[in-house]
Amino acid sequence: ASSVLIAIGLIIGLYELATTAKPILLSQEVGLKTALQPLGINFQTALFGTGPGTYLFDFTRFRDPGLNASNLWNLRFINSSSFFLEMLATVGLLGGLSFLFLVFRTITTFLRAGVHQTETVGVFVSLVLAFLLSLLLPFSFTSVFLLFMLLILYAIRLANEDSPHVFDVTISVVALKKGLIAL
């Protein structure tokens, strides 16, 4: 019964998305130009970006003049055309390269581990699709949360398969005098 309700909701949502509720998204070209502009300001901004959550300021400062001739002339975007381009502008080259490293390590870990259970393959495929979508679409907080939950689920699946690529780590939290905390 619940799967029928989910299917009906999905069909109605896709119909609404295709007909009336089309979101206005920034084009990939404008998103790429806006993401690359902060990298040329100075060395610190190129490495660390302009700061998390500052894409609206980046867009306002580096907006493409060609947008003034389009019907989007009066809009300001709080997200780029893709999650990765937004990350590149706001957290810089280090953040963008860290994200690409995470994608690379996830794929290589899966390929090195060999034969997997069906559930692990399913989680891996979902994770790869989420990574691909992050290169093509803007992500909300919920989407980013889902991406990291899939990463955690993938690591748990690999640990349950006794993968040599997953290690147990113990972290101790110790309370010191006067309320200080040490790890």
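Residues numbered from 1 in each chain as written. Predicted model: local features only at pLDDT ≥ 70, side-chain atom pairs only at ≥ 80, totals over all residues. Heavy atoms only, no water.

Description of the confidence of the model for the protein
In the predicted model, the protein carries a mean pLDDT of 82, and 91% of its residues have values of at least 70. Mean pLDDT in the protein bottoms out at strand E2 (residues 181-182), which sits at 58, and peaks at helix H5 (residues 83-113), which reaches 90. (pLDDT = per-residue confidence, 0-100. Helix = DSSP H or I, 4+ residues; strand = E, 2+ residues; numbered from the N terminus.)

Notes on the packing of aromatic side chains
The full count for this structure, using the stated rule, is seven aromatic pairs. For the ring pair Phe110 and Phe124, a centre distance of 3.7 Å and an interplane angle of 5° mean the geometry is stacked. Pair noted here: Phe110 is in helix H5 and Phe124 is in helix H6 (residues 118-136), with a separation of 14 residues, a long-range link. Grouping residues by exposure puts Phe110 and Phe124 together as buried. Both rings, one in Phe124 and one in Tyr154, keep their centres 5.9 Å apart while their planes meet at 40°; by these two values the pair is tilted. Placement of Phe124 in helix H6 and of Tyr154 in helix H7 (residues 141-160) is noted, with a sequence separation of 30 residues between them. In this pair, the class of Phe124 matches that of Tyr154, namely buried. (Phe/Tyr/Trp six-rings, centres within 6.5 Å; stacked < 30°, edge-to-face > 60°. Buried < 20%, exposed > 50% of the residue type's maximum accessible area, 1.4 Å probe, protein only.)

Considerations on the packing of H5 against H7
Axis angle and axis distance: for two packed helices, these are the angle between their axes and the distance between the axes, and together they describe the pair. Contact geometry for H5 and H7: axes closest at 13 Å, N-to-C directions at 20°. In terms of their interaxial angle, H5 and H7 are classed as roughly parallel. Crossing of H5 against H7: the hand is left-handed. Note on element contacts: H7 touches H5 through Val144, Leu147, Phe148, Leu151, Tyr154 and Leu158, opposite Phe83, Phe99, Leu102, Thr106, Thr109 and Phe110. Split by residue class, the contact of H5 with H7 holds ten nonpolar, two polar and no charged. (Axes fitted to C-alpha atoms, helices over the stretch in contact; angles between N-to-C directions. Parallel < 35°, antiparallel > 145°, perpendicular 65-115°, else oblique. Left-handed = near helix turned anticlockwise from the far one by under 90°. Contact = heavy atoms within 4.5 Å. Nonpolar A, V, L, I, M, F, W, Y, C, P; charged D, E, K, R; others polar.)

Brief notes about the pattern of salt bridges
Summed over all chains, the structure comprises two salt bridges. When the shortest N-O distance is used, the salt bridge between Glu29 and Lys33 registers 3.4 Å. Here the residue Glu29 and the residue Lys33 both occupy positions in helix H2 (residues 28-36), the gap between them amounting to four residues, near one helical turn. A salt bridge links Glu119 to Arg157, with the nearest nitrogen and oxygen atoms 3.6 Å apart. Of this pair, Glu119 sits in helix H6 while Arg157 sits in helix H7; the two residues are 38 residues apart in sequence, bridging distant segments of the chain. (Salt bridge = Lys/Arg side-chain N within 4 Å of Asp/Glu carboxyl O.)

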